[in-house]
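What the coordinates show
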Amino acid sequence: ETGVTQSPTHLIKTRGQQVTLRCSSQSGHNTVSWYQQALGQGPQFIFQYYREEENGRGNFPPRFSGLQFPNYSSELNVNALELDDSALYLCASSSRDGTYEQYFGPGTRLTVT
Amino acid sequence: QKEVEQDPGPLSVPEGAIVSLNCTYSNSAFQYFMWYRQYSRKGPELLMYTYSSGNKEDGRFTAQVDKSSKYISLFIRDSQPSDSATYLCAMLKAAGNKLTFGGGTRVLVKP
């Protein structure tokens, strides 16, 4: 069984640029959630995708957007990067009827300068 | 006020001691309660989840939920240096999709 994978591992961007982060869900899982974890804090829910549609969104502006593909993999896009976007971005996968069992990937560490 | 509160620590214990962690919450709609372990620069790893109130045991780990007090606990018996990590509690409403996390407690088990 393959776990959740994310790419890239690290990324450095300049304020105002755009970034795309990628996630492959665990085998058998059709739901992907994205979280932002600032240093020293717990993860904050960004949004969730199920059957290629957004299925709930946290308190993040529209410049945070996502996609889910037919193979259940997902992308997180962030436009007009701000310094406060520097964080660890985590992807979690789950089966639709087991959303309480969310399994996380290793994360992508984004630094905005 | 945050929905889920967790003491940031650090909590330092000698090897073999019992580690006691807890979270309090304010939203009575939470029905599922999870504990994650996160090593430095890694993603969170699901340790246990509990539905509603009660206790659950898995090896050296015991999770307790007291919904009347809005208080959850995780106990780690016979702690090992490899247990040194940040422990995150997380909660979910019934039919919900969003995990709400505490800020995490850093634990250090000294040999």
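So, a few notes on the structure that sits alongside this text. In this text the structure is predicted, and so the values were computed from the model without any measurement.

How each quantity is defined
- Residues numbered from 1 in each chain as written.
- Chains lettered and ligands numbered in written order.
- Predicted model: local features only at pLDDT ≥ 70, side-chain atom pairs only at ≥ 80, totals over all residues.
- Heavy atoms only, no water.
- Disulfide = S-S within 2.5 Å.
- Helix = DSSP H or I, 4+ residues; strand = E, 2+ residues; numbered from the N terminus.
- Buried < 20%, exposed > 50% of the residue type's maximum accessible area, 1.4 Å probe, protein only.
- Pairing = 2+ DSSP bridges.
- Axes fitted to C-alpha atoms, helices over the stretch in contact; angles between N-to-C directions.
- Phe/Tyr/Trp six-rings, centres within 6.5 Å; stacked < 30°, edge-to-face > 60°.

Comments concerning the state of the cysteines
Residue and element names in this part refer to chain A. Tallied over the entire structure, the rule returns two disulfides over all chains. Residue C23 pairs covalently with C91 via a disulfide, S to S 1.7 Å. An S-S torsion of about -50 degrees defines the bridge between C23 and C91 as left-handed. Taken as a pair, C23 in strand β3 (residues 19–24) and C91 in strand β9 (residues 87–94) lie far apart in primary sequence, 68 residues in all. When its relative accessible area of 2% is taken as the criterion, C23 is described as buried.

A short note on the sheet that holds strand β8 (residues 71–76) of chain B
The strands making up a sheet associate through hydrogen bonds between their backbones, and the pairing can be parallel or antiparallel. All names here are of chain B. If you trace the five strands from one edge of the open sheet to the other, you get β1-β3-β8-β7-β6, paired in antiparallel fashion. The open sheet has two free edges, formed respectively by β1 (4–6) and β6 (54–58), since each of these has just one partner strand. Strand after strand, the sheet turns through a mean of 15 degrees between neighbouring axes, direction not considered. In this sheet, β8 lies alongside strand β3 (residues 19–25) in antiparallel orientation, the contact comprising six bridges. Residue pairing in the sheet places L21 in a bridge with L74 of β8.

Things to note about the packing of aromatic side chains
Tallied over the full model, the rule gives eleven aromatic pairs over all chains. Between the aromatic rings of F104(A) and F101(B), the centroid separation amounts to 6.0 Å while the plane-to-plane angle is 70 degrees, which identifies the pairing as edge-to-face. Of the two residues, F104(A) sits in strand β10 (residues 103–104) while F101(B) sits in strand β10 (residues 100–101), which places them in two different chains. We classify F101(B) as buried; its relative accessible area is 6%. Look at Y36(B) and F101(B): their rings are 5.6 Å apart centre to centre, the planes differ by 50 degrees, and that puts the pair in the tilted class. Of this pair, Y36(B) sits in strand β4 (residues 30–38) while F101(B) sits in strand β10, placing them 65 residues apart in sequence. Taken together, the aromatic side chains of Y35(A), F45(A), F104(A), Y36(B) and F101(B) make up a single cluster linked through ring pairs.

Focus: unusual backbone geometry
Residue P8(A) is bonded to the preceding S7(A) through a cis peptide linkage, with omega at -5 degrees. Structurally, P8(A) can be placed in the loop between β1 (5–7) and β2 (10–13). Each neighbour pair has its own omega, and for G9(B) with P10(B) the value is 10 degrees, a cis peptide bond. The backbone phi angle of Y72(A) is positive, close to 75 degrees, even though this residue is not glycine. Within the secondary structure, Y72(A) is located in the loop between β7 (64–68) and β8 (74–78). With a relative accessible area of 36%, Y72(A) lands in the partly exposed category.

The quantities given are spatial measurements derived from coordinates; they are silent on function.
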